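The residues making up each chain are set out below.
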Amino acid sequence: QVHLVESGGGLVQAGGSLRLSCEASGFIFRINAMGWYRQAPGKQRELVAALTSGESTNYADSVKGRFTISRDNAKNTVYLQMNSLKPEDTAVYYCTMEVVGGISGNFWGQGTQVTVSS
């Protein structure tokens, strides 16, 4: 079994910054793609940022230039640095990883709340 645990969410004022972390544990041979999604109340879950094993990145237009996704393969961890936060960034943020291991597949974290006040 693979578990993803997120941390770093919280309450911040508009214009502020937060750094989310997501660490995977379990029998892991390799992690391919990693990503962050978010879901605001009453809205569908949407892709925020994605990072492949080849270090290619993909960002939602709404966060380009403000958010940066990165990974530490030695720690099985993905990060999301969020700068210049806006109230519309308020959502529950979920990490996801494509894991190759004892049980392979796409795994999700439990979510972490990010609230940006105006």
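Above this note sits the structure.
From a predicted model like this one, the values you see are computed outputs, not experimental measurements.

(A) Focus on the overall build of the protein chain. The helix and strand inventory of the protein chain stands at 0 helices and 11 strands. Taken from the N to the C terminus, the helices and strands of the protein chain come in the order β-β-β-β-β-β-β-β-β-β-β. Against the globule reference of 13 Å for 118 residues, the protein chain gives a C-alpha radius of gyration of 14 Å, in line with a compact fold. When its C-alpha atoms are laid out on the principal axes, the protein chain stretches across 45 × 25 × 25 Å. Residue burial in the protein chain is summarised as follows: out of 118 residues, 41% are buried.

(B) Inspection of the packing of aromatic side chains at higher detail. Enumeration over the complete set of coordinates arrives at 1 aromatic pair. Above the face of the tyrosine 79 ring, arginine 19 is positioned so that its terminal group lies 4.0 Å from the ring centre. Here the basic side chain of arginine 45 rests over the ring of tryptophan 108, its NZ or CZ set 4.9 Å away from the ring centre.

(C) The arrangement of the sheet that holds strand β3 (residues 18-26) in detail. Spatial strand order, β1-β3-β8-β7: 4 strands in an open sheet with antiparallel pairing. A single partner strand is all that each edge strand has here, and the edge strands are β1 (2-7) and β7 (67-72). Adjacent strand axes in the sheet meet at a mean angle of 15°, parallel and antiparallel pairs treated alike. By the bridge criterion, 6 bridges tie β7 to strand β8 (residues 77-82) in an arrangement that is antiparallel. Bridging across to β8, threonine 68 finds its partner in glutamine 81.

(D) Representation of unusual backbone geometry in the model. The phi dihedral of glutamate 55 is positive, around 70°, even though this residue is not glycine. With respect to the element layout, glutamate 55 can be found in the loop between β5 (46-51) and β6 (57-59). Glutamate 55 sits in the partly exposed class, given a relative accessible area of 46%.

(E) Summary view of the nonpolar core. Counting residues in each nonpolar core, the largest one holds 32 residues, and the members touching the most others are Trp36, Leu80, Met82, Tyr93 and Met97. Elements represented by at least two residues in this core include exactly β1, β3, β4 (28-39), β5, β7, β8, β9 (91-101) and β11 (112-117). When residues in this core are grouped by element, the largest group, 5 residues, is from β9. Ignoring sequence-local partners within four residues, the contact set of tyrosine 93 consists of Glu6, Leu20, Trp36, Tyr37, Arg38, Val48, Phe67, Leu80, Met82, Gly111, Thr112 and Val114.

(F) Region of interest: the pattern of salt bridges. In this structure the tally under the stated criterion is 4 salt bridges. Arginine 38 is paired through a salt bridge with glutamate 46; the nearest N and O atoms lie 2.7 Å apart. A relative accessible area of 5% places arginine 38 in the buried class. When the shortest N-O distance is used, the salt bridge between lysine 64 and aspartate 61 registers 3.1 Å. Owing to a relative accessible area of 65%, aspartate 61 belongs among the exposed residues under this scheme. Because the salt bridges share partners, they merge into one network encompassing Arg38, Glu46, Arg66 and Asp89.

Procedures and definitions
- Residues numbered from 1 in each chain as written.
- Predicted model: local features only at pLDDT ≥ 70, side-chain atom pairs only at ≥ 80, totals over all residues.
- Heavy atoms only, no water.
- Helix = DSSP H or I, 4+ residues; strand = E, 2+ residues; numbered from the N terminus.
- Rg over C-alpha atoms; globule rule 2.2 N^0.38 Å.
- Buried < 20%, exposed > 50% of the residue type's maximum accessible area, 1.4 Å probe, protein only.
- Phe/Tyr/Trp six-rings, centres within 6.5 Å; stacked < 30°, edge-to-face > 60°.
- Lys NZ or Arg CZ within 6 Å of the ring centre and 35° of its normal.
- Pairing = 2+ DSSP bridges.
- Axes fitted to C-alpha atoms, helices over the stretch in contact; angles between N-to-C directions.
- Core = buried A, V, L, I, M, F, W, Y, C linked by side-chain atoms within 4.5 Å.
- Contact = heavy atoms within 4.5 Å.
- Salt bridge = Lys/Arg side-chain N within 4 Å of Asp/Glu carboxyl O.

In short, the description is geometric, and any link to function would need to be established separately.
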